[in-house]
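# Residue-level structural notes
Each chain is listed here by its residues.
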Amino acid sequence: MIVASVASGTSADGLDVGLVELDWDRELQLRLSVVDTWTQPWPDGLADRVLALLPPATTSAGELCAVDTAVGQAAGAAAANAVARSLDLTGVEPTLVVSPGQTVHHEVVDGRCLGTLQLGQPAWVVQATGLPVVSDLRSRDVAAGGHGAPLASTLDGLWLTGEEGPRAALNLGGIANVTVVRAGHPPLAWDTGPANCLLDVAAERATGGRDRFDRDGALAAGGRVHQPLLEDLLAHPYFALRPPVSTGRETFSAALLDTALDRVGPLAWEDVLATLAELTAQTVARALAPHAVTEVVASGGGTANPALLAALRRALGGTRLLTSDELGIPSAGKEAVLWALLGFLTWHGVPASTAATGAAVPRVLGRISPGDAPLRLPDPVRRTPTRLRVTTREAIR
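Now for a look at the structure at hand. (Residues numbered from 1 in each chain as written. Predicted model: local features only at pLDDT ≥ 70, side-chain atom pairs only at ≥ 80, totals over all residues. Heavy atoms only, no water.)

Turning next to helix H10 (residues 269-288). Its 20 residues give H10 an end-to-end C-alpha distance of 29 Å, which sits within 8% of 28 Å, the value for a rise of 1.5 Å per residue. Summarising burial for H10: 16 of the 20 residues are buried, a large majority. (Helix = DSSP H or I, 4+ residues; strand = E, 2+ residues; numbered from the N terminus. Expected span 1.5 Å × (residues − 1). Buried < 20%, exposed > 50% of the residue type's maximum accessible area, 1.4 Å probe, protein only.)

This is the structure in C-alpha cells:
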C-alpha cells in the first residue's frame, strides 16, 4: 500500500510531504520504497503564527483554535497534492494519510514527560482528501510513560540493525536526536539538544529577517567559534541528563540564546552561528561517545548545512559520517518516511517499538479518523517486525 504523510518539525520551516510504498514479506518483515518526498511551504504568515505560540510567549484559546484550524487546512492542501502526485506517478491512490501535527508544547518536568500538544486538526485533512487519517502519534506513548519522542527509533531500529557493530542515526531538525542501534538490543534514542532551532534564530537576526536559515551554512562558515559562548551554552543542565530524555523549543529558545549573549557580550552574528554549529556537533559527539558507534547516518534539514556537517566530522573524529541518501532514504525526507511507517504500523495494529522513549511497553500509536468511505482496517498483524529493507518499488511489486 502507498501511504502519504504530511508533517512539520520543530523548525516549523515547511511541511514535509512523502509518498511511501510499504509491504510485508513472507516472514512478516517490512519492505519500504520511497516514491517521492518534498517540502511544501506554509501559507503566508502561518509559520510566524506557529512560532509565536512557543514559550515564553503567551496566547489565548482563540489563537490556539485558529492555528489548529490553519495548520490542519495547510496539511489538508498538502495531502491533496500528495494524492494527485501518487496517481500521476503510480496510478494508485494512497490508502491513508499520516498527519502528526505541529508540536507547540512538550511538557517535561524532572525528567518526566507530562504531556505534549500538536496542532493541526485532522478533520481538515479528511475533508481535503476523503481518505482516513492517522494523527496524534505521540500522546499514547506519553500516556504509557514515554516521552512521545524521539519516535524515529522505530524506523532506525528496524532499518540499521545488523552485525556490523553499533550504528547511530542522527536527525538534524530543529532539535537533534540520535538512535543507537545494536544487534540483540532494543534501540536507544534521545534528543541530544539544539540543532537548527537556535541556528535559525541567529540566521534570521543576522539577515534582518530576510532568511529564516543559514543558506548553505555560509554565515557559520564565515565565523569563528567563540569559546566563552560555547562554554556558557554547554553548561545548560539538559546536557547532563541521561536518556531517555526529550526537549524542544520551549527549552532551547530565542530567550535562552539572548540570555547567553547578554552574559558574554556582543558578537558578530557569523561567530554566533559558528559557535551554535559547534554546540550541536559537540553535544551530539559527547552523547554518542559512550556507545562506540562505528558510523553515524545523518538526515534532516541540517544536512544541507556544510558548516554544521564539517563541525560534526571534526567532533566525531574517526567515526564515519554519511547521510541517509547513501542508504536509500532522502535525508531531507526521512521524517516524512518515518511518519508513513508509523501510520502503516498503526493501520495494521502493530505497536511501535518505543522502548527508547521510556514507555513501559510498546503501544499502537495515534488515532484514526475515518475517510469518506466506510472504515475497513486490515486484520491485525500479530508479529512485531524486526527488520526493514529499503528497496525499489519494482522489488516490492
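Turning to empty space enclosed by the protein, a few remarks are in order. Over the atoms, a rolled probe matching the size of one water molecule traces out where space is still vacant. This model, assessed by the stated rule, comprises two cavities of 30 Å³ or more. What the largest cavity holds in volume is close to 50 Å³. If you trace the largest cavity, you find it lined by Val6, Ala7, Ser8, Leu15, Trp42, Val71, Ala75, Ser99, Gly101, Gln102, Leu119 and Gly120. Every element with two or more residues in the lining of the largest cavity is listed here: strand E1 (2-7) and helix H2 (61-90). As for the second largest cavity, its lining consists of Thr154, Leu158, Leu345, Val350, Pro351, Ser353, Thr384 and Pro385. Looking at the lining of the second largest cavity, its residues break down into five nonpolar, three polar and no charged. (1 Å grid on protein atoms, 1.4 Å probe; cavity = no way out; pocket = protein on both sides within 12 Å on 5 of 7 lines; lining within 4 Å. Points joined across faces, edges and corners; volume = space filled by probe spheres on them. Nonpolar A, V, L, I, M, F, W, Y, C, P; charged D, E, K, R; others polar.)

All right, on to the environment of valine 50 then. Take valine 50: it is sitting in helix H1 (residues 46-51). Owing to a relative accessible area of 2%, valine 50 belongs among the buried residues under this scheme.

Moving on: the pattern of salt bridges. One pass over the structure, following the stated rule, counts twelve salt bridges. One salt bridge in this structure joins lysine 334 and aspartate 156, with 2.6 Å as the shortest N-O distance. Placement of the pair is lysine 334 in helix H12 (residues 334-347) and aspartate 156 in helix H5 (residues 152-160), with a sequence separation of 178 residues. For the pair lysine 334 and aspartate 156, a shared accessibility class is recorded, and that class is buried. Among the ionic pairs, aspartate 232 bridges to arginine 263, the shortest N-O distance being 2.7 Å. With aspartate 232 in helix H8 (residues 227-234) and arginine 263 in helix H9 (residues 254-264), this residue pair connects regions lying 31 residues apart in the sequence. Overlapping salt bridges bring together Arg167, Glu295 and Arg320 as one network. (Salt bridge = Lys/Arg side-chain N within 4 Å of Asp/Glu carboxyl O.)

Across the sheet, five strands lie side by side as E10-E9-E8-E11-E12; this open sheet has mixed pairing. In this open sheet, the two strands that pair with only one neighbour each are strand E10 (188-194) and strand E12 (320-323). On average, each strand axis in the sheet is inclined to that of its neighbour by 25°, with strand direction left out of account. Across six bridges, strand E9 (residues 175-181) lies against E10 in antiparallel orientation. (Pairing = 2+ DSSP bridges. Axes fitted to C-alpha atoms, helices over the stretch in contact; angles between N-to-C directions.)

Cis geometry marks the peptide bond from alanine 149 to proline 150; its omega dihedral reads -10°. If you trace the backbone, proline 150 turns up in the loop between helix H4 (139-143) and H5. Cis peptide bonds are those with omega within 30 degrees of zero, and the linkage from proline 243 to proline 244 qualifies with 5°. Within the secondary structure, proline 244 sits in the loop between H8 and H9.

As a further point, take the nonpolar core. Ranked by size, the top nonpolar core spans 48 residues in total, and within it Leu170, Leu172, Leu198, Leu276, Leu288, Val296 and Leu312 carry the most contacts. Once residues within four sequence positions are removed from consideration, valine 296 is found in contact with Ala168, Leu170, Leu288, Leu316, Thr319, Arg320, Leu321 and Leu322. Within the second largest apolar cluster, 36 residues are counted, among which are Leu137, Ala152, Leu322 and Val381. (Core = buried A, V, L, I, M, F, W, Y, C linked by side-chain atoms within 4.5 Å. Contact = heavy atoms within 4.5 Å.)

For H12, spanning 14 residues, the distance from its first C-alpha to its last is 20 Å, which sits close to the expected 20 Å at 1.5 Å a residue. Residue glycine 349 follows H12 closely and has a positive phi angle near 70°.

This paragraph deals with the pairing of E1. Within E1, six of the six residues are buried, which leaves it mostly tucked inside the rest of the structure. Both faces of E1 are covered, namely the face carrying Ile2, Ala4 and Val6 and the face carrying Val3, Ser5 and Ala7. Two elements, E1 and strand E2 (residues 15-24), share six bridges in a ladder whose sense is antiparallel. Along E2, the bridge assignment pairs valine 6 with valine 17.

Turning our attention to the packing of aromatic side chains. Taken as a whole and judged by the stated rule, the model has four aromatic pairs. Measuring from ring centre to ring centre gives 5.4 Å for tryptophan 24 and phenylalanine 344, while their planes differ by 35°; the resulting arrangement is tilted. Of this pair, tryptophan 24 sits in strand E2 while phenylalanine 344 sits in helix H12; the two residues are 320 residues apart in sequence, bridging distant segments of the chain. On the basis of relative accessibility, which here comes to 1%, the residue phenylalanine 344 falls in the buried class. With a centroid separation of 5.8 Å and 85° between ring planes, the pair formed by tyrosine 238 and phenylalanine 252 is classed as edge-to-face. In this pair, tyrosine 238 is assigned in the loop between H8 and H9 and phenylalanine 252 in the loop between H8 and H9, connecting sequence segments 14 residues apart. Both residues of the pair, tyrosine 238 and phenylalanine 252, belong to the buried class. (Phe/Tyr/Trp six-rings, centres within 6.5 Å; stacked < 30°, edge-to-face > 60°.)

Within the fold, glycine 120 resides in the loop between strand E6 (112-119) and helix H3 (122-129). Residue glycine 120 is classed as buried on the basis of its relative accessible area of 11%. Note: C-alpha distance between glycine 120 and glycine 72 (48 residues apart in sequence) is 3.9 Å. Residues in contact with glycine 120, not counting those within four places in the same chain, are Asp68, Val71 and Gly72.

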